[in-house]
Amino acid sequence: APCPSSGIVIHGTDDKICAPEETSAMVDRTRTQKGRKIEFTSVPGGDHFFKDNLDDFMAVTQSYLDDRLAHELPEGQYHQPTS
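Rules and cut-offs
- Residues numbered from 1 in each chain as written.
- Predicted model: local features only at pLDDT ≥ 70, side-chain atom pairs only at ≥ 80, totals over all residues.
- Heavy atoms only, no water.
- Phe/Tyr/Trp six-rings, centres within 6.5 Å; stacked < 30°, edge-to-face > 60°.
- Buried < 20%, exposed > 50% of the residue type's maximum accessible area, 1.4 Å probe, protein only.
- Helix = DSSP H or I, 4+ residues; strand = E, 2+ residues; numbered from the N terminus.
- Lys, Arg positive; Asp, Glu negative; His and termini not counted.
- Salt bridge = Lys/Arg side-chain N within 4 Å of Asp/Glu carboxyl O.
- Contact = heavy atoms within 4.5 Å.
- Arc of directions from axis to C-beta.

### Notes on the packing of aromatic side chains
Across all of its chains, the model carries one aromatic pair by this definition. Arranged with centres 4.7 Å apart and planes meeting at 35°, the rings of Phe50 and Phe57 form a pair that is tilted. According to the relative accessible area criterion, Phe50 is buried, its value standing at 7%. Residue classification places Phe57 among the partly exposed positions, given a relative accessible area of 23%.

In C-alpha cells:
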C-alpha cells in the first residue's frame, strides 16, 4: 500500500514475534515509492516491545525527530523529489 510520508521503522534484533528479516523486506518494498524515504534501524537486543531497551528505542526516536525537525521544508532531506 502507498506510504503517504517518509518515516522510520525501528526493530529489535531479538524480536520473536516478527523476524527482523521480514521487517527489513517490508521496508525495502516500501522504499520503492517515489518521493519518500523510509529509514530502517535496529535496536540491538530489543524484543518486540523494547521492554528492556526503552532507553535505546527512545534515543533512536529522538535522534530521528531532531534530524527531521531541523529542516525548514516539511520533508527536508527525507523528500526525494520526483522528476
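### Some points on the side chain of Asp15
Position of Asp15 relative to the elements: it lies in the loop between strand S1 (7–12) and helix H1 (20–30). Nearest to the buried, unbridged Asp15 among oppositely charged side chains is Lys16, at 8.1 Å. Each residue touching Asp15, except ones within four places of it in the same chain, is listed here: Pro20, Gly46, Asp47 and His48.

### Describing H1
Pro20, Thr23, Val27 and Thr30 are the residues of H1 that are buried. Projection of H1 onto a plane perpendicular to its axis shows the buried side chains occupying an angular sector of 85°, all on one side. Within H1, the exposed residues directed more than 90 degrees away from the buried face are Glu21, Glu22 and Arg29. On the buried face of H1, the contacting elements are S1 and strand S2 (38–43).

### Overview of the environment of Phe40
Here Phe40 lies in strand S2. Sequence separation of Phe40 and Ser24 is 16 residues, and the distance between their C-alpha atoms is 7.0 Å. For Phe40, the residues in contact, after removing those within four places along its chain, are Val9, His11, Pro20, Thr23, Ser24, Val27 and Arg31.

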